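# Chain and residue survey
Each chain, letter by letter, is given below.
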Amino acid sequence: MYRIDIMTLFPDTVGDVLSESILGRAQERDLLRIETHQIRDHTRNKQKQVDDYPYGGGRGAVLQADPLYQCWRHITDTFGKGRTIYLSPCGKPFDQEAARRLARDYAHLILVCGHYEGIDQRFIDGYVDEEISLGDFVLTGGEIAAMAVADAVCRLVPGVLSDPSCFENESHWDGLLEYPQYSRPEVWHEMAVPRELLSGNHSQVARWRRKQQLLRTRERRPDLYAKLDLSSQEDQKLLAELERELSRPPLPQPVECRPARQEDLDAMEIILTQAKALLIPIGQWSAHYPTREDFVSDMARGECYVLTCGGQVGGFFTLSAQPEACYAAITDGKWSSDQPYTVLHRCAIAQQWRGSGLADRMIRECGRLALAMGRRWLRADTHKQNKAMQNLLRRNGFQYRGNVLVDTTADRDPRRLAFEVRLANHPNAASTGEESL
Ligand SMILES: C[S@@+](CC[C@H](N)C(=O)[O-])C[C@H]1O[C@@H](n2cnc3c(N)ncnc32)[C@H](O)[C@@H]1O
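Predicted model, so just to flag it, every value in this text is computed and none were measured. Here the residue numbers are simple positions, counted from 1 along each chain's written sequence. Since the coordinates come from a predicted model, pLDDT governs what is reported: local features require at least 70, and pairs of side-chain atoms require 80 or more to be given and counted, while whole-chain, interface and lining totals use all residues. Side-chain measures here rest on the full set of heavy atoms in the structure, leaving out hydrogens and waters.

## Let's talk about the overall build of the protein
The helix and strand inventory of the protein stands at 14 helices and 16 strands. The size measure is the radius of gyration over C-alpha atoms, and the globule rule it meets is 2.2 Å times the number of residues to the 0.38 power. Against the globule reference of 22 Å for 437 residues, the protein gives a C-alpha radius of gyration of 32 Å, more extended than a compact globule. Summarising its shape, the C-alpha atoms of the protein cover approximately 100 × 45 × 40 Å along the three principal directions. The buried label goes to any residue with under 20% of its type's maximum accessible area, the exposed label to any with over 50%, and the partly exposed label to all in between, with areas taken from a 1.4 Å probe on protein chains only. Among the 437 residues that make up the protein, the fraction classed as buried is 48%. The way it works is that DSSP assigns letters per residue, a run of H or I at least four long becomes a helix, a run of E at least two long becomes a strand, and they are numbered from the N terminus.

## Describing the sheet that holds strand β5 (residues 83–93)
Sheets are built from strands paired through backbone hydrogen bonds, the pairs being either parallel or antiparallel. Strand pairing follows a simple DSSP-based rule, namely that at least 2 bridges must link the two strands. The 5 strands are arranged β2-β1-β6-β5-β7 in an open sheet whose pairing can be described as parallel. The open sheet has two free edges, formed respectively by β2 (32–38) and β7 (130–133), since each of these has just one partner strand. In this sheet, neighbouring strand axes are inclined to one another by 30 degrees on average, regardless of whether the strands run parallel or antiparallel. Here 5 bridges tie β5 to strand β6 (residues 108–113), and the two strands are oriented parallel to one another. Counterpart to Tyr86 in the pairing with β6 is Val112. An axis is simply a line fitted to the C-alpha atoms; with a helix, the fit covers only the stretch in contact. Between two such axes, the angle follows the N-to-C directions and lies from 0 to 180 degrees.

## Some points on the packing of aromatic side chains
Paired rings are identified among Phe, Tyr and Trp, the last through its six-membered ring, by centres lying within 6.5 Å, and are further divided according to the angle between planes into stacked (under 30 degrees), edge-to-face (over 60) and tilted (the rest). Using the criterion set out here, one finds 10 aromatic pairs in the structure. Arranged with centres 5.3 Å apart and planes meeting at 15 degrees, the rings of Tyr305 and Phe317 form a pair that is stacked. Placement of the pair is Tyr305 in strand β11 (residues 304–309) and Phe317 in strand β12 (residues 312–320), with a sequence separation of 12 residues. Per residue, the accessibility class of Tyr305 equals that of Phe317, and both read buried. One aromatic cluster is present, built from ring pairs that chain together Tyr69, Trp72, Phe123 and Tyr127. Charge-over-ring placement is defined geometrically: NZ (Lys) or CZ (Arg) within 6 Å of the ring centre, and within 35 degrees of the ring normal. A cation over an aromatic ring shows up here: Arg379 above the ring of Trp335, its NZ or CZ 3.9 Å from the ring centre. Positioned above the aromatic ring of Tyr289 is the side chain of Arg412, whose terminal nitrogen or guanidinium carbon lies 3.9 Å from the ring centre.

## Remarks on helix α12 (residues 292–300)
Think of an α-helix as 3.6 residues a turn; residues three or four steps apart then line up on the same face. What α12 keeps buried is the set Phe295, Asp298 and Met299. Projected onto a plane normal to the axis of α12, the buried residues spread over an arc of 100 degrees and lie on a single side. Pointing more than 90 degrees away from the buried face of α12 are the exposed residues Glu293 and Ala300. Those residues of α12 that are buried are in contact with α11 (265–282), β11, β12 and β13 (341–349). When we speak of the arc, we mean the arc of directions from the helix axis to the C-beta atoms. Contacts are assigned to residue pairs that have any heavy atoms within 4.5 Å of one another.

## Describing the sheet that holds strand β15 (residues 399–405)
Spatial strand order, β10-β11-β12-β13-β14-β16-β15: 7 strands in an open sheet with mixed pairing. In the strand order of this sheet, the two ends are held by β10 (255–259) and β15, each with one partner. Sheet twist, expressed as the average angle between the axes of neighbouring strands with direction ignored, equals 30 degrees. Direction of pairing for β11 relative to β12: antiparallel, over a ladder of 6 bridges. Bridged to Thr308 within β12 is Val313.

Below you can see the structure in the form of structure tokens.
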């Protein structure tokens, strides 16, 4: 059992706080014992006076050495000699490493809380093993510091938390600050949970979390960041990604989605040219597909949409409620349902907004529009080499269902990977087994 004795002038306050919640339950389970001791009970004068004026003059009073010693002797005679720590602004700043050391190297701590102007140096010289400070500020007494040290140490005692991973992933464990945490609901006050956390893909979640840890630590604690070893290939990749993301200008607001109009065609054509530079080499698109004329016919059918950022067209897509003939002949797998679906076709994001989250917004808009059409299923296909699209679909809940062949008469590779997602209109539906967009 791990034991902590706290010497204080305010034993009730300290005891109450440390017997709550996790530490209280750990004491009930005999993993810990935290006891407080009234220093005043160990005076040898009738008035129970524990302080006196400082030699050499000056304001305030000093906690005398003898009551402290008598209290300390009572503890060590009864429970054995523990590691004696004086909480003091003159001590070494407390950190997670110190908490880990105290939990690992000792089974008994005696925490001494000072008050007034401090405590007689002779008690420190004779009986204190180390001095710990809570930080570079001055508190009225050592109680808050003692509670902080006791709490941080006790939660590292084996068995106090249900699983070591509870603290191993936390801030300061491995020199990093923790990643941001989110809980239900998925959208709150119009702020959405990052898509990566909803993907259900563990390695993607772990990657996102590591990236956020690096970013936070770099921004908030350059002192900690400077000590990190980031030489692994994975960290180097994440850092390069961060650099790219941070050097990108923020997406102009508002971001909106609306049916495409005739006057958008020129801007759409510029984005089309940028996308073709990527998709012609892999064979997904060709010089003759898609074209401005395709957009015009999509518009005529009311299937063509644009995403605007600060009023400028930043992307486009076609969303069709017409069944896609080639989808019926899916191979190497099958669709989950033969209910009516919508299909995402011909989409692209302007080069300067790639990686800005606009593509994820596009997918969310498709889901919203599909539901408004009364469709519960959204399908899409993409080329095997179009990894960006596959990642986009997967992180937005799409699942790979099999292979299809699009227009085999055209001058491009007809082989496509087919994906689908079941749409849920309630933002919390993901946890009930349904994907949500
Ligand atoms: C008002 S303080 C005394 C400060 C002292 N005169 C000085 O300037 O260093 C009274 C008591 O609060 C506690 N205390 C104050 N600041 C602390 C800190 N940053 N960390 C730990 N304990 C602190 C110590 O136990 C100290 O004896």
